[in-house]
Amino acid sequence: MSSPLLAVRDLNIALKGGGGIHSAVEDVSFEIGRGEAFGLVGESGCGKSITALAVMGLLRRPLSLGGGRILLDGQEIQNASAAEMRRLRGSRIAMIFQEPMTALNPLSPVGRQIAEMFVLHQGTGWTEAMDRAEDALRQVRVPSPERRIKDYPHQLSGGMRQRVMIAIALACGPDLLIADEPTTALDVTVQSEIIDLMAELCAAKGTAILMISHDLGLVANMCRRVAVMYAGRIVEAQPAQAIFATPRHPYTRGLVDSLPRLGERAKRGRQRLREIAGVVPSIAAYPAGCRFNPRCSAVTDICRTTAPAITPLPADGLVRCHHHG
């Protein structure tokens with residue numbers, strides 16, 4: 001990728017607690033091109049969300065940036081001042097958080113929350129901003145937007161609140177949208193509507209997407225490239241099709257095998273869906289060697305003692321595994 005919109009280089013995030021400093025995210029690197037949809041997947045606790053918060057400049061104690069570079073359009077932003085980041089957030093980088101009920105201000109009508117983006121970042125007057133907020137709600141297909149702009153978040157369904165979050169995020173036409181589990185707690189039909197809407201609007205505006213999810217199937221359907229994160233490290237990155245066809249890391253294979261497939265029940269009888277044994281280790285208790293080794297069915301002695309190096313794969317991919325072949 002010659003000139004990426006976002007480049008994260010050797011990102012490290014430290015967590016201070018328990019009488020010491022622990023590495024929450026370690027040596028994470030990836031790039032996102034202009035208008036590209038890039039997926040970051042893994043179970044809860046793998047470090048996906050705090051990686052996104054670092055990009056947004058929203059890390060708070062006990063988390064802190066421990067090293068690395070974050071470049072937006074070639075400009076380093078990891079050490080930008082609070083005022084500089086406030087100018088970037090909303091105008092050039094926007095984020096949809098996991099739970100819109102807590103992300104939205106419960107004491108302010110949703111129309112005003114959208115309008116605030118135009119006032120703060122584009123200097124628009126409030127009357128014009130409210131008109132544009134109504135148009136923004138119409139773009140995300142909220143019915144009767146002229147009435148809904150006066151509603152408070154608790155008066156909207158989960159799907160409608162997420163549409164409001166998309167309207168806020170895309171109001172000022174950012175270059176990059178970070179979507180952190182944007183379909184959490186939504187039913188399957190609404191999930192599909194939200195993902196399709198987000199992809200359609202971003203494509204129309206030329207907005208790049210960093211899609212963060214534990215759902216590999218959802219990400220692979222939307223993104224051209226996918227990185228798999230485990231215990232604070234990226235363990236594999238490949239084009240989305242290759243992730244499904246030829247997963248190289250045992251953790252990625254476990255995620256792929258855990259996905260339900262049409263017709264599989266008929267073939268396998270009443271066999272249960274496959275699962276990955278064990279749980280993601282806590283930040284303070286990462287194992288030596290490969291961090292996946294306590295859960296891996298292909299583990300050998302070297303896995304328990306030596307951290308695997310990065311092995312390049314075709315199409316700018318990579319894998320961290322002693323036995324990736």
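The preceding data block contains the structure.
What counts, and at which threshold
- Residues numbered from 1 in each chain as written.
- Predicted model: local features only at pLDDT ≥ 70, side-chain atom pairs only at ≥ 80, totals over all residues.
- Heavy atoms only, no water.
- Axes fitted to C-alpha atoms, helices over the stretch in contact; angles between N-to-C directions.
- Helix = DSSP H or I, 4+ residues; strand = E, 2+ residues; numbered from the N terminus.
- Parallel < 35°, antiparallel > 145°, perpendicular 65-115°, else oblique.
- Left-handed = near helix turned anticlockwise from the far one by under 90°.
- Contact = heavy atoms within 4.5 Å.
- Nonpolar A, V, L, I, M, F, W, Y, C, P; charged D, E, K, R; others polar.
- Core = buried A, V, L, I, M, F, W, Y, C linked by side-chain atoms within 4.5 Å.
- Buried < 20%, exposed > 50% of the residue type's maximum accessible area, 1.4 Å probe, protein only.
- Polar contact = N/O pair within 3.5 Å; in protein donor to acceptor, adjacent residues only side chain to side chain.
- Lys, Arg positive; Asp, Glu negative; His and termini not counted.
- Salt bridge = Lys/Arg side-chain N within 4 Å of Asp/Glu carboxyl O.
- Pairing = 2+ DSSP bridges.
- Expected span 1.5 Å × (residues − 1).

J.: Is there a simple way to think about the packing of helix H4 (residues 110–122) against helix H7 (residues 158–170) in this case?
T.: Relative placement of two packed helices is described by the angle separating their axes and the distance separating the axes. It is the contact of H4 with H7, at a shortest axis distance of 8 Å, that shows an interaxial angle of 20°. If you check the angle between H4 and H7, you find them roughly parallel. For the crossing formed where H4 meets H7, the hand is right-handed. Across the interface between the two elements, Val-110, Gln-113, Ile-114 and Met-117 of H4 pack against Val-164, Ala-167 and Ile-168 of H7. Looking at the contact of H4 with H7 residue by residue, the class counts come to 6 nonpolar, 1 polar and no charged.

J.: What should I look at first to understand the nonpolar core in this one?
T.: Soluble globular proteins tend to pack their nonpolar side chains together in the buried interior. If you look at the biggest cluster of nonpolar residues, it comprises 62 residues, and the most contacted ones within it are Ile-114, Ile-166, Met-198, Met-211 and Tyr-251. Of all the elements, H7 adds the most residues to this core, at 8 residues. Ignoring anything within four residues of it in the chain, the contact list for Ile-114 reads Ala-133, Ala-136, Leu-137, Val-164, Ala-167 and Ile-168. In this structure, Leu-5, Leu-6, Ala-52 and Ala-237 belong to the second largest nonpolar core, which totals 36 residues.

J.: Would you mind going over helix H11 (residues 250–257) with me for this structure?
T.: Counting buried residues along H11, 6 of its 8 residues qualify, which places the element largely inside the surrounding structure. For H11, the complete set of buried residues consists of Pro-250, Tyr-251, Thr-252, Gly-254, Leu-255 and Val-256. Contacts made by the buried residues of H11 are with helix H9 (216–222), strand E9 (225–230), strand E10 (233–239) and helix H10 (240–245).

J.: Whenever I open this one, unusual backbone geometry confuses me. Can you help?
T.: Across residues other than glycine, the phi torsion is negative in most instances, and most of the peptide bonds are trans. Pro-62 follows Arg-61 through a cis peptide bond whose omega is 10°. With respect to the helices and strands, the residue Pro-62 is situated in the loop between helix H1 (48–56) and strand E4 (63–72). For Asp-73, which is not glycine, the phi torsion reads 55° and is therefore positive. Relative to the assigned elements, Asp-73 resides in the loop between E4 and strand E5 (75–76). Using a relative accessible area of 37% as the deciding quantity, one classes Asp-73 as partly exposed. Within the chain, Asp-316 stands out as a residue other than glycine whose phi angle is a positive 60°. Within the element layout of this structure, Asp-316 appears in the loop between strand E11 (310–313) and strand E12 (317–320). Overall, Asp-316 belongs to the exposed group, its relative accessible area being 65%.

J.: What exactly am I supposed to notice about the side chain of Arg-161 here?
T.: With respect to the helices and strands, Arg-161 occurs in helix H7. For Arg-161, a relative accessible area of 14% translates into the label buried. Only 3.4 Å separates the side chain of Arg-161 from the backbone oxygen of Pro-153, close enough to count as a polar contact. Of the polar contacts made by the side chain of Arg-161, one reaches the backbone oxygen of Leu-156; its length is 2.6 Å. Excluding residues within four positions of it along the chain, Arg-161 makes contact with Pro-100, Met-101, Leu-104, Pro-153, His-154 and Leu-156.

J.: Could you clarify how one ought to interpret the side chain of Lys-48 in this entry?
T.: Mapping Lys-48 onto the fold places it in helix H1. For the buried Lys-48, no salt bridge exists, and the shortest N-O distance to an oppositely charged side chain is 4.4 Å, to Glu-181. Excluding residues within four positions of it along the chain, Lys-48 makes contact with Leu-40, Val-41, Gly-42, Glu-43, Glu-181, Ile-212, Ser-213, His-214 and Met-229.

J.: What is the right way to look at the sheet that holds strand E8 (residues 208–213) in this model?
T.: Each strand in a sheet pairs with another by means of backbone hydrogen bonds, the pair being arranged parallel or else antiparallel. As summarised here, the arrangement of the 8 strands in space is E6-E7-E8-E3-E9-E10-E12-E11, forming an open sheet in which the pairing is mixed. Each end of this open sheet is capped by a strand with a single partner; those strands are strand E6 (93–96) and E11. For this sheet, the mean inter-axis angle between neighbouring strands, taken without regard to orientation, is 20°. Where H7 meets the sheet, its contacts fall on E6 and strand E7 (176–180), and the angle it forms with E6 comes to roughly 175°.

J.: For this particular structure, what's the right way to read H4?
T.: Because each turn of an α-helix spans 3.6 residues, side chains separated by three or four positions in sequence point in the same direction. The end-to-end C-alpha separation of H4 is 19 Å, in line with the 18 Å expected for 13 residues at 1.5 Å each. Turning to H4, its buried residues are Val-110, Gly-111, Gln-113, Ile-114, Ala-115, Met-117 and Phe-118. The elements touched by buried residues of H4 are helix H5 (126–139), helix H6 (145–148) and H7. Of the residues trailing H4, Gly-123 is marked for its positive phi of about 70°.

J.: I'm lost on the sheet that holds strand E2 (residues 20–32) in this one. Help?
T.: Here 4 strands make up an open sheet; going across it, the order is E2-E1-E4-E5 and the pairing antiparallel. Every interior strand has two partners, whereas the edge strands, E2 and E5, have only one. In the sheet, strand E1 (residues 6–17) pairs with E4 via 8 bridges, with the strands oriented antiparallel. Looking across to E4, one finds that Leu-15 is bridged to Leu-63. The sheet strands contacting H1 are E1, E2 and E4, and the helix crosses E1 at an angle near 110°.

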